[in-house]
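If you want the building blocks of each chain, they are given just below.
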Amino acid sequence: MEKKKFYITTPIYYPSAKLHIGHTYCTVAADTMARYKRLCGYDVMFLTGTDEHGQKIENIAKEKGVTPIEFLDNIVKGEKGILDLWKLMNISNDRFIRTTDDYHCKSIQKIFKKMYDKGDIYKGSYKGKYCTPCESFWTESQLVDGKCPDCGREVHDAEEEAYFFRLSKYAEPVRKLLEETDFLKPASRVNEMVNNFIKPGLEDLCVSRTSFSWGIPVDFDPGHVVYVWVDALFNYMTALGYLNDKYDDCDKYWPADVHFVGKEIVRFHSIIWPAMLMSMELPLPKHVYGHGWLVINGSKMSKSKGNVVDPYILAEHFGVDALRFFLLRTFPFGTDGNFSNELLINTINIDLANNLGNLVSRTCAMVEKYFGGTLPAEKEFDTADDDLIGLASTLRDKYEAEMENYQFQNALEEVFKVINRANKYIDETMPWALAKDEGKKPRLAAVMYNLLETVRICTTLLSPFIPESAEKIFDYIGACDGCRVWEKANVWGSLSQTVSVKKGENLFPRIDAEKALAELEAIAKEQKKEALPELETEPLLSENVDFDTFCKSDLRAVKIKACEAVKKSDKLLKFTLDDGTGKDRTILSGIHKYYEPEQLVGKTAVAILNLPPRKMMGHESCGMLISAVHTEKGEEKLHLLLVDDAIPAGAKLC
Ligand code: MSP
């Protein structure tokens, strides 16, 4: 019989910066879903990739002094790039698309032309606001406080000849799709789309640009490049071979079963994407699922805030499976989740180390100890086992209902109810007491079997979440290949009655929270520093000073005759200066952090002399020494302005 098909996608990622834990979240969720569907026997196509065109990429490459493709190749294929990250996270995508791939570009040109020939794309003139980082056009009314409604950054005026897509024509069918079907999930996202975008009136969408060149050229009108979202959205079809010869799976897998996307790009996927597909007279994807963001203390991760969480570091510290598990166990998929290292460590320690890890290691250790590793055939089952057996045998159905609804957290909650029940069952049956009585060996064997069977069922259902660890657990409990499968996950008794266990390494060692937090804190500090600009100077003042006012400042060269630290102050140095008048002048300056007194004696500095005298720590300071200040990697640096010693004391600076 032909297998049922399941086609799932992640958004294709902007390779403008290193991917962080937020990007990893969506990809891990999609991977878990793909693995779950494969487990259920589906023929799965799982697609991810990179979205490589647009002005932002062109700008970054220019800044770095490389070509856009050199920049992209490095961030996609280079060390610790996007492909490396997905390999590390054990992402089982069947295909990876780059929108700079030749076959994709050619397909997009054909798609653009088709919509043009149909009259759904027409030429006009674009006047509006453009957000470069988001590659988004906005109307005045869509701006929030005059800024981009998505990222809050500055937008700029843009006017140019451009092609437009007749989005307005599809307003009504798209509204119906959103309000009358379950196309967009979770349902809570529907109102936002309809009220914020459709009801105010859908305007036609600008779908070409002429002000930059890093995009797919409109082949029948050189100078125009295709708007990056048109290019990006159709990746879901070109990667199957739509209007190209690279692949041949479009008939097989299209329409997609689900596109997983973050909440800020739901607008593109639930309005623009179906409208363009309607225009092309193509079937619509079955669902778009708009998941929430991982946030830090309530705000979005961003490089500029210096709060991005690096998945490499977490995977290195805690293991890939632990990280995958945490992401889906802790946060409901549809809403935002507040990420913290404490939460991560807690989840690992409670669920994986205490509950799952302990159940597996205790059970295997007891089978080793009491039966030399192999269970005897003779067993004595009891009604006291019914509760555990009942729960474990019906787990698959509950889990399936949650997974079909993309409720990963709830699916895991069901599994952990059974794991916890099994741990309680150990306390109730007290195997260590049974072991003392030779006559109770058959009962002890039955208890062990029930535990192993429960572990087998739970492990099958955990395998999409923690694939590597699941394989190890199966090996430890001696599960044969035939009983690791979905069809046996609700068949109690599938494990051989005379199964042999194997002792192995501790799968999820308990984490010393204090130590791990301190280490992560130190790494984060270092990273924050690295993210800071190399060199920063104060912005120039925009207000002018009139010449006469400037001339009132009496700037002079002064010779440093003596210099000492001021008692009880860690900042102040007291300078005795020759200002050319023949009388010593005292100036105090808060620069001890940068200089030792003896370094400066004999040097020629610059001071402003006609400031009103000021008392500091019991000394009167008559003037101020001039220094140059700037910031290096977030640290303030200061250099006392020293001039040529040939300049005599008292020389006026003008
Ligand atoms: N290139 C577009 C997608 C085009 S799809 C045809 C894009 N790329 S992105 O790299 O900026 O974002 C990719 C995905 O990562 C989005 O779904 C976005 O919501 C998700 N995330 C980015 N930061 C996130 C969090 N902090 N938390 C969860 N997901 C987040 O948008």
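Above this note sits the structure.
All values derive from a computational prediction rather than experimental measurement.

1. A look at helix H15 (residues 386–404)
And then number 1: Its 19 residues give H15 an end-to-end C-alpha distance of 28 Å, which sits within 8% of 27 Å, the value for a rise of 1.5 Å per residue.
And then number 2: The largest bend in H15 comes to about 40 degrees, at Leu395.
And then number 3: All of the buried residues along H15 are Leu388, Ile389, Ala392, Leu395, Arg396, Tyr399 and Met403.
And then number 4: Among the structural elements, helix H1 (21–39), helix H16 (408–429) and helix H18 (441–462) are those in contact with the buried residues of H15.

2. Observations concerning the pairing of strand S6 (residues 156–165)
Moving residue by residue along a regular strand, the side chains alternate between the two faces of the sheet.
And then number 1: Both strand S4 (residues 121–131) and S6 contribute to a ladder of 10 bridges, which runs antiparallel. Residue Gly124 lies in a different strand from S6, and its bridge partner there is Ala162.
And then number 2: Examined bridge by bridge, S6 and strand S8 (residues 205–206) share two bridges and lie antiparallel to one another. Along S8, the bridge assignment pairs Phe165 with Leu205.

3. Some words on the nonpolar core
And then number 1: In terms of nonpolar packing, the biggest core is built from 114 residues, with Phe260, Phe318, Leu356 and Phe408 touching the most fellow members.
And then number 2: When sequence neighbours within four positions are dropped, the list of residues in contact with Leu356 reads Asp351, Phe416, Ile419, Leu462, Ile466, Ile473 and Phe508.
And then number 3: Counting residues in hydrophobic clusters, the runner-up holds 70 residues, among them Ala171, Val190, Val266 and Val288.

4. Details of the layout of surface pockets
And then number 1: Considered as a void within the structure, the second largest pocket measures approximately 460 Å³ in volume.
And then number 2: Elements supplying a minimum of two residues to the lining of the second largest pocket: S4, strand S5 (136–138), helix H7 (188–198), S8 and helix H11 (266–279).
And then number 3: With four residues, H11 is the largest single contributor of residues to the lining of the second largest pocket.

5. A few points about the sheet that holds strand S16 (residues 535–536)
And then number 1: In spatial order, the strands read S16-S24-S25; together these three strands make up an open sheet with antiparallel pairing. Looking at the sheet topology across the chains shown, the edges are occupied by S16 and strand S25 (635–640).

6. A few points about the pairing of strand S11 (residues 258–262)
And then number 1: Of all five residues that make up S11, five are buried, and the element is covered over most of its length.
And then number 2: Alternating residues of S11 divide into Val258, Phe260 and Gly262 and His259 and Val261, and every residue in both groups is buried.
And then number 3: Direction of pairing for strand S1 (residues 5–13) relative to S11: parallel, over a ladder of two bridges. Among the inter-strand pairings, Thr9 is bridged to a residue of S11, identified as His259.
And then number 4: As defined by bridge partners, S11 adjoins strand S12 (residues 287–291) across five bridges and the pair is classed as parallel. Along S12, the bridge assignment pairs Val261 with Gly290.
And then number 5: With H11 bridging S11 and its parallel neighbour S12, the resulting β-α-β unit is right-handed.

Parameters at a glance
- Residues numbered from 1 in each chain as written.
- Predicted model: local features only at pLDDT ≥ 70, side-chain atom pairs only at ≥ 80, totals over all residues.
- Heavy atoms only, no water.
- Helix = DSSP H or I, 4+ residues; strand = E, 2+ residues; numbered from the N terminus.
- Expected span 1.5 Å × (residues − 1).
- Bend = angle between axes of the 7 residues up to and from the residue.
- Buried < 20%, exposed > 50% of the residue type's maximum accessible area, 1.4 Å probe, protein only.
- Contact = heavy atoms within 4.5 Å.
- Pairing = 2+ DSSP bridges.
- Core = buried A, V, L, I, M, F, W, Y, C linked by side-chain atoms within 4.5 Å.
- 1 Å grid on protein atoms, 1.4 Å probe; cavity = no way out; pocket = protein on both sides within 12 Å on 5 of 7 lines; lining within 4 Å.
- Points joined across faces, edges and corners; volume = space filled by probe spheres on them.
- Right-handed = clockwise from strand over helix to strand, strands pointing away.

Any functional reading would require information that these geometric values do not contain.
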